[in-house]
Amino acid sequence: MNLISNIVILATNFLLVGGQQQSCQDFISTGDGAGVTGGQWSCDPTSGKPYYFGNAFLSFNAARAQCQALPPFNGKLFDLAVIETQEELDFIVNNPKYTDFIRIIGLRAETFSNPPRPSDFKWINGAPLTLDISFNNLPSFSGSVSRCAQLDKNPLALLAENCDSSSSDQEEICEVSTILAPNVAPNVPPSVASACEEVKTRYFQIDEDNQQLSWEDAQTACMEKNAHLITVKSHKENLCAFVKYQTSVRSLDAFWLGLVNDFEEKKKFRWIDNDLSPYRNWCGGVTPTPGSVGCVLFRFGDPSGATTGCFELVADCSTPHSFVCEANTLCDKNGFQTLAQVMSKIIQGTQNNCKSCRK
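Reading the values: rules and limits
- Residues numbered from 1 in each chain as written.
- Predicted model: local features only at pLDDT ≥ 70, side-chain atom pairs only at ≥ 80, totals over all residues.
- Heavy atoms only, no water.
- Helix = DSSP H or I, 4+ residues; strand = E, 2+ residues; numbered from the N terminus.
- Buried < 20%, exposed > 50% of the residue type's maximum accessible area, 1.4 Å probe, protein only.
- Contact = heavy atoms within 4.5 Å.
- Areas by Shrake-Rupley, 256 points an atom, 1.4 Å probe, with all protein chains shown as cover.
- Pairing = 2+ DSSP bridges.
- Polar contact = N/O pair within 3.5 Å; in protein donor to acceptor, adjacent residues only side chain to side chain.
- Phe/Tyr/Trp six-rings, centres within 6.5 Å; stacked < 30°, edge-to-face > 60°.
- Lys NZ or Arg CZ within 6 Å of the ring centre and 35° of its normal.
- Core = buried A, V, L, I, M, F, W, Y, C linked by side-chain atoms within 4.5 Å.
- Disulfide = S-S within 2.5 Å.

(A) Expanded view of the overall build of the chain. Along the backbone of the chain there are nine helices and 18 strands. Within the chain, the proportion of its 359 residues that are buried is 49%. Summarising the internal contacts of the chain: among those between residues at least 6 apart in sequence, 68% fall at separations of at least 24. Accessible surface, the chain as shown: approximately 17400 Å² in total, 52% of it carbon and sulfur.

(B) Representation of the pairing of strand β15 (residues 295–299) in the model. The buried count for β15 comes to five of five residues, which makes it a mostly enclosed element. Burial along β15 is two-sided: C295, L297 and R299 facing one way and V296 and F298 facing the other are all buried. Examined bridge by bridge, strand β12 (residues 254–256) and β15 share three bridges and lie antiparallel to one another. Within β15, the position partnered with W256 by the bridge is L297. Pairing analysis gives five bridges linking β15 to strand β16 (residues 310–314), with the strands arranged antiparallel. For V296, the partnering residue across the bridge sits in β16 and is L313.

(C) Expanded view of the sheet that holds strand β10 (residues 212–213). Pairing is mixed in the open sheet, where five strands are placed in the order β10-β17-β12-β15-β16. The open sheet has two edge strands, β10 and β16, and neither has a second partner.

(D) Quick peek at the side chain of S292. Inspection of the secondary structure assignment puts S292 in the loop between β14 (268–271) and β15. Within the structure, the side chain of S292 is placed 2.4 Å from the backbone oxygen of T289, a separation counted as a polar contact.

(E) Looking closely at the packing of aromatic side chains. Summed over all chains, the structure comprises 15 aromatic pairs. For the pair F27 and W41, a centre-to-centre distance of 5.3 Å together with 80° between the ring planes defines the contact as edge-to-face. One end of the pair, F27, is in helix α2 (residues 24–29); the other, W41, is in strand β1 (residues 40–43), with 14 residues separating them in the sequence. Just as F27 is buried, W41 falls in that class too. Among the aromatic residues, those joined into a cluster by ring pairs are F255, F269, W271, Y279, W282, F298 and F311. Above the ring of Y98, the side-chain terminus of K153 is found at 4.7 Å from the ring centroid.

(F) Quick look at the sheet that holds strand β18 (residues 325–327). Spatial ordering of the open sheet is given by β9-β18-β11, a layout of three strands whose pairing is antiparallel. If you trace the sheet from one side to the other, it starts and ends with β9 (203–204) and β11 (227–229), each paired once. When β9 meets β18, the two strands line up antiparallel, connected through two bridges. By the bridge assignment, Y203 is partnered in β18 with E326.

(G) Up close: the nonpolar core. In terms of nonpolar packing, the biggest core is built from 26 residues, with I83, I92, L107, W123 and L151 touching the most fellow members. V232, F255, F269 and F311 belong to the second-largest nonpolar core, a separate cluster that totals 24 residues.

(H) Spotlight on the state of the cysteines. Tallied over the entire structure, the rule returns six disulfides. Between the sulfur atoms of C24 and its disulfide partner C43 the distance amounts to 2.0 Å. Between C24 and C43, the S-S dihedral sits near -90°, and the bridge is therefore left-handed. Here the residue C24 occupies a position in helix α2, and C43 occupies one in strand β1, the gap between them amounting to 19 residues. C24 sits in the buried class, given a relative accessible area of 6%. The partner cysteine of C148 in its disulfide is C163, sulfur to sulfur 1.9 Å. Taking the sign of the S-S torsion, 100° for the link of C148 and C163, the bridge is right-handed. Here C148, found in strand β6 (residues 147–153), pairs with C163, found in the loop between β7 (156–162) and β8 (171–180); they are 15 residues apart in sequence, far enough to count as distant. Note on accessibility: C148 and C163 belong to one class, buried.

Right under this line is the structure:
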């Protein structure tokens, strides 16, 4: 059995068994969640995630602290709910534990456009607001103080409230996040981790504070470091990206991928380094329609169940997202390409496109 097959099998065992991973129902019935008083738990049957509906009226920051103080679920912290899909929104607003009309969620705007618009709001994990839901009370001026969103389920709408005003206090909705609790070591089988060491050393982030940029700006930032946006060209690399950026303390929800539209070649997607790998792990197993425009994210926690990450085509390439760079393998330590390296690339039948290397 080859190395990649071994890695895939080990990853499957890790994700399904997860070192005695606890189910949501066990967590809220007999686990640490059972000892929490003052609110109500609910399990999403689709994702298996626990949600907590608080019953104390709090400010945004106090509500968030309340969520983060909940006992971790399988080693991951809770935070205010981040609602990125219609399915998750439906689960929340139709949940019998959602007993009051208005709840605090993890959506806020630090600054506003002129005039303010819904896209000024971002989820606390950095994701843009994409739900088809309107605001009832956007501020009327661009110099407004930061606002925190609340969800009103009847009628369904978002409210933009002053984050620190006591008059805006409401109950909160918490959900488990992707962030590991402090001092919790990633539960990764040693054989998987060791097999990924060579791949993982090519991946790096420029900004330790998880800077978020548009696709083009992210690629430019990588090129300035003799690198390009990360490519994921095999099951092994897919798993290794998961090991490095989802089972670490600084886990990411999504980051830009170096997979681009090639309109000159039958409107297909191609890897930014011109590698010929056909690996495409599209979320939900659905390949975008030929000619689809946009940029590609590598996203974890896909509703289809692809927890090791999958490729998501997004139409707006200008929305800031996290990004990961990959060192150019055709450049030496000084950023130059040797003749042998160039010839090797030509023999592979691809164009040498190490744009960030000095000629």
